[in-house]
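# Results of the structural survey
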Amino acid sequence: IGNCAARAPVMGGQFAVWGGLFACCDCSLSAIRQKEDPWNSILSGAATGGILAARAGPKAMASSAIVGGVILALIEGMGIWMNNYFSEAPPGMENADAMGPPANDITAPPTTGGMGMIPTGLGSVGVGRRPTKSSDVVTMGVDSSFDSGGHETTFDSGSGASSSSSS
């Protein structure tokens, strides 16, 4: 353990040099080619391997470049495969796009300006006043929930009106 602790700063420095050189090659290739694709990473891995082994001679430089390129090709290939595999529709859901969005999407942002959804008591019946007759109750929304008092609350994200009725 003592030997590992003594070599940790050296290994960290070598990894930092490799990462910095790889990033420089990757950004340079992206700027030159005007593309962001896996080939930038593969060529950057090969260039990094070759540059770091340049002091050992051309034979070591070539073999390190090939190893660096192959390693980055495997990493990029695995990333592409995982992206394609996990983006496939589950069995039976091949035509999910043809069905369209759900009729009542609770995650959709409000479509009206301002507050969007006005809670109970802040709609057309007045602030802090419960409706006294059935004509005061405005039920334009489609989402129903219950507040902490057990009263049904209806929200409408389209028109900004809301209501509350006892259950």
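This part is about the overall build of the protein. Looking only at helices and strands, one finds 4 helices and 3 strands in the protein. Its helices and strands taken in sequence order, the protein reads α-α-α-α-β-β-β from the N to the C terminus. Of all 167 residues assigned to the protein, the portion counted as buried reaches 20%. Pairs at least 24 apart in sequence give 42% of the contacts found in the protein among residues at least 6 apart.

Phi is positive for glutamine 34, close to 60°, though the residue is something other than glycine. The residue glutamine 34 is located in the loop between α1 (2–33) and α2 (38–52) in this model.

With that settled, consider α1. Over its 32 residues, α1 extends 47 Å from the first C-alpha to the last, a length consistent with the 46 Å expected when each residue adds 1.5 Å. Residues of α1 that are buried include every one of Phe22, Cys25, Asp26, Leu29 and Ser30, and no others. Tucked into the core, α1 has its buried residues touching α2 and α3 (58–86). Trailing α1 by a residue or two, glutamine 34 shows a phi angle of about 60°, which is positive.

Right, let's get into the packing of aromatic side chains. For the structure shown, the criterion picks out 3 aromatic pairs. An angle of 15° between the planes, with centres 5.3 Å apart, marks the rings of tryptophan 81 and tyrosine 85 as stacked. Residue tryptophan 81 and its partner tyrosine 85 are located together in helix α3, separated by 4 residues, close to a single helical turn. Taking the centre distance of 5.1 Å and the plane angle of 80° together, the rings of tyrosine 85 and phenylalanine 86 count as edge-to-face. Members of the aromatic cluster, connected to one another through ring pairs, are Trp81, Tyr85 and Phe86.

This part takes up the pattern of salt bridges. Evaluation of the coordinates by the stated rule reveals 1 salt bridge. As a salt-bridge pair, arginine 33 and aspartate 37 come within 2.8 Å of each other at their nearest N and O atoms. A residue is classified by how much of its surface remains accessible, and arginine 33, at 28% relative accessible area, is partly exposed. On the basis of relative accessible area, aspartate 37 is assigned to the partly exposed category, the value being 22%.

On average, residues of the protein score 76 in pLDDT, and 57% of them reach the 70 mark or higher. Within the protein, the element-level pLDDT minimum falls on strand β3 (residues 163–165), averaging 49, and the maximum on α2, averaging 95. A low-confidence stretch, residues 160–167 (pLDDT under 50), is modelled with 32 contacts involving residues beyond four sequence positions or located in other chains.

Along its 29 residues, α3 runs 42 Å from first to last C-alpha, staying within 8% of the 42 Å computed at 1.5 Å per residue. The complete set of buried residues in α3 reads Ala65, Gly68, Gly69 and Leu72. Check the buried side of α3 and you find it contacts α1 and α2.

Thresholds applied
Chains are numbered independently. Their residues run from 1 in the order of the written sequence. Given that this is a predicted model, residues contribute local features only at a pLDDT of at least 70 and side-chain atom pairs are listed and counted only at 80 or more, while totals for whole chains, interfaces and linings are drawn from all residues. In computing side-chain properties, one takes all heavy atoms of the structure into account and sets aside hydrogens as well as water. Numbering of helices and strands runs from the N terminus; a helix is a DSSP stretch of H or I covering at least four residues, while a strand is a stretch of E covering at least two. Think of it in three bands: residues with accessible area under 20% of the maximum for their type are buried, residues over 50% are exposed, and the middle band is partly exposed, with areas taken using a 1.4 Å probe on protein chains only. Contacts: residue pairs with any heavy atoms within 4.5 Å of one another. To estimate the expected span of a helix, count its residues, drop one, and scale the result by 1.5 Å. When the centres of two rings from Phe, Tyr and Trp lie within 6.5 Å, Trp using its six-membered ring, the rings pair. Their planes under 30 degrees apart give stacked, over 60 give edge-to-face, and anything left gives tilted. Salt bridge, as used here: a side-chain nitrogen of Lys or Arg that lies within 4 Å of a carboxyl oxygen of Asp or Glu. As a per-residue measure, pLDDT reflects the predictor's confidence and takes values from 0 up to 100.

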